[in-house]
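# Architecture and fold: a report
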Amino acid sequence: MKFFVDTAEVDAIRELNDLGMVDGVTTNPSLIMKSGRDIKEVTKEICEMVDGPVSAETVALDADGMIAEGRELAKIADNIAIKVPLTWDGLKACKVLSSEGRMVNVTLCFSANQALLAAKAGATFISPFIGRIDDLSLDGMDLIGDIRTIYDNYGFETQILAASIRSLNHMKDAALIGADVATAPPAVIKSMANHVLTDKGLDAFMSDWAKTGQKIL
Ligand code: G3P
């Protein structure tokens, strides 16, 4: 499973990228707002740092506007994936932009039928929002499983990009179900390294090592 980082915070991306943990980056208008940066400036900086796809989202609500904005965002770098919402107009924009050979990430997906339409419109990525489905006391991971089955049934090449990931279980379950990509905030990716038994075991080793009085260096 590929890891995308869901943030527009350059320092956080750099830390993970230096460790080889970053296969791409996703941003959205809320994340740009949180960064306090200019969208084109910060997106360019991220694109120069990361080799993989960097999603930048359009904000027009009509297809023509999304297409125009998508073409403008694509000028930032070759690794831009244009993000459009899963609306009828978003699907029209997806079809046009993907036909031009551009990467398109169709976002705000909450149903398997929406994902099916996005694949038929030529989406490179479909972004189902797991956490926001969980917020409704449903299981967002069921949607990832349904889309996996449907795409595999018909050989769609659209990559399933599990989004709105908020927990370690989301990461593990997305990998088990076969999401192609998981995009998560830097803190979630870093917390994958944590385990209480690792901390406990390390404490015991350090305590015993101190009793030996030895040094390695
Ligand atoms: O990848 C989409 C993400 O940014 C939304 O996450 O936690 O606001 O639902 P969240």
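Structural data are supplied above this passage.
Here's a quick rundown of the structure. (Residues numbered from 1 in each chain as written. Predicted model: local features only at pLDDT ≥ 70, side-chain atom pairs only at ≥ 80, totals over all residues. Heavy atoms only, no water.)

### Section: the sheet that holds strand β7 (residues 159-162)
Sheets are built from strands that pair by backbone hydrogen bonding, the pairs being arranged parallel or antiparallel. An order of β1-β2-β3-β4-β5-β6-β7-β8 is seen for the eight strands of this closed barrel, with the pairing classed as parallel. Taken pair by pair, the neighbouring strands of this sheet meet at an average axis angle of 30°, ignoring direction. As defined by bridge partners, strand β3 (residues 54-57) adjoins strand β4 (residues 80-85) across four bridges and the pair is classed as parallel. Within β4, the residue paired with Val54 across the bridge is Ile80. Where helix α6 (residues 112-120) meets the sheet, its contacts fall on β5 (103-109) and β6 (125-128), and the angle it forms with β5 comes to roughly 165°. (Pairing = 2+ DSSP bridges. Helix = DSSP H or I, 4+ residues; strand = E, 2+ residues; numbered from the N terminus. Axes fitted to C-alpha atoms, helices over the stretch in contact; angles between N-to-C directions. Contact = heavy atoms within 4.5 Å.)

### Thoughts on the packing of helix α8 (residues 140-154) against helix α9 (residues 168-177)
Orientation of α8 relative to α9, taken along the N-to-C sense of each, is 20°, at an axis distance of 10 Å. Judged by the angle between their axes, α8 and α9 are roughly parallel. Our pair here, α8 against α9, has a crossing hand that is right-handed. Contacts between α8 and α9 involve Met141, Ile144, Gly145 and Arg148 on the former and, on the latter, His170, Asp173, Ala174 and Ile177. Here the residues of the contact of α8 with α9 sort into four nonpolar, two polar and two charged. (Parallel < 35°, antiparallel > 145°, perpendicular 65-115°, else oblique. Left-handed = near helix turned anticlockwise from the far one by under 90°. Nonpolar A, V, L, I, M, F, W, Y, C, P; charged D, E, K, R; others polar.)

### Remarks on helix α3 (residues 39-49)
Working note: α-helix, 3.6 residues per turn, so residues spaced by three or four point in the same direction. Buried residues of α3: Val42, Thr43, Ile46, Cys47 and Met49, and no others. Buried residues of α3, seen end-on, are gathered within an arc of 160° and therefore sit on one face of the element. Of the surrounding elements, those touching the buried residues of α3 are α1 (10-18), β2 (24-26), α2 (29-35), β3 and β4. Of the residues flanking the start of α3, the one acting as N-cap is Asp38, its side-chain oxygen 3.1 Å from the backbone nitrogen of Lys40. (Buried < 20%, exposed > 50% of the residue type's maximum accessible area, 1.4 Å probe, protein only. Arc of directions from axis to C-beta. Polar contact = N/O pair within 3.5 Å; in protein donor to acceptor, adjacent residues only side chain to side chain.)

### Let's talk about the site of the ligand
Lining the immediate surroundings of the ligand are Asp6, Asn28, Phe129, Arg132, Ala163, Ser164, Arg166 and Thr183. One of the side-chain N or O atoms of Arg132 is found 2.6 Å from an oxygen atom in the ligand. Across the complex, the protein chains shield 80% of the 310 Å² of accessible surface that the ligand would expose by itself. (Near = heavy atom within 4 Å. Areas by Shrake-Rupley, 256 points an atom, 1.4 Å probe, with all protein chains shown as cover.)

### Observations regarding the nonpolar core
Counting 58 residues, the largest nonpolar core has Ile46, Val50, Val84, Val106, Ile126, Ile147 and Ile165 as the members making the most contacts within it. Tallying contributions element by element places α8 first for this core, with five residues. The residues contacting Ile165, other than those within four sequence positions of it, are Ile130, His170, Met171, Ala182, Thr183, Ala184, Pro185 and Val188. Counting five residues, the second-largest nonpolar core is a separate cluster that includes Phe4, Ala81, Phe125 and Leu161. (Core = buried A, V, L, I, M, F, W, Y, C linked by side-chain atoms within 4.5 Å.)

### Focus: the pattern of salt bridges
Oppositely charged side chains may form a pair once their charged atoms are brought near each other. Under the counting rule described, the total for this entry stands at 14 salt bridges. Of the charged contacts, one joins Arg37 and Glu41 as a salt bridge, the two residues approaching to 3.2 Å between their closest N and O atoms. Since its relative accessible area comes to 28%, Arg37 is described here as partly exposed. For Glu41, a relative accessible area of 47% gives the class partly exposed. With a closest N to O distance of 2.7 Å, Glu100 and Arg102 form a salt bridge. Among the residues examined, Glu100 registers a relative accessible area of 33% and is labelled partly exposed. Where salt bridges share partners, they join Arg37, Glu41 and Glu45 into one cluster. (Salt bridge = Lys/Arg side-chain N within 4 Å of Asp/Glu carboxyl O.)

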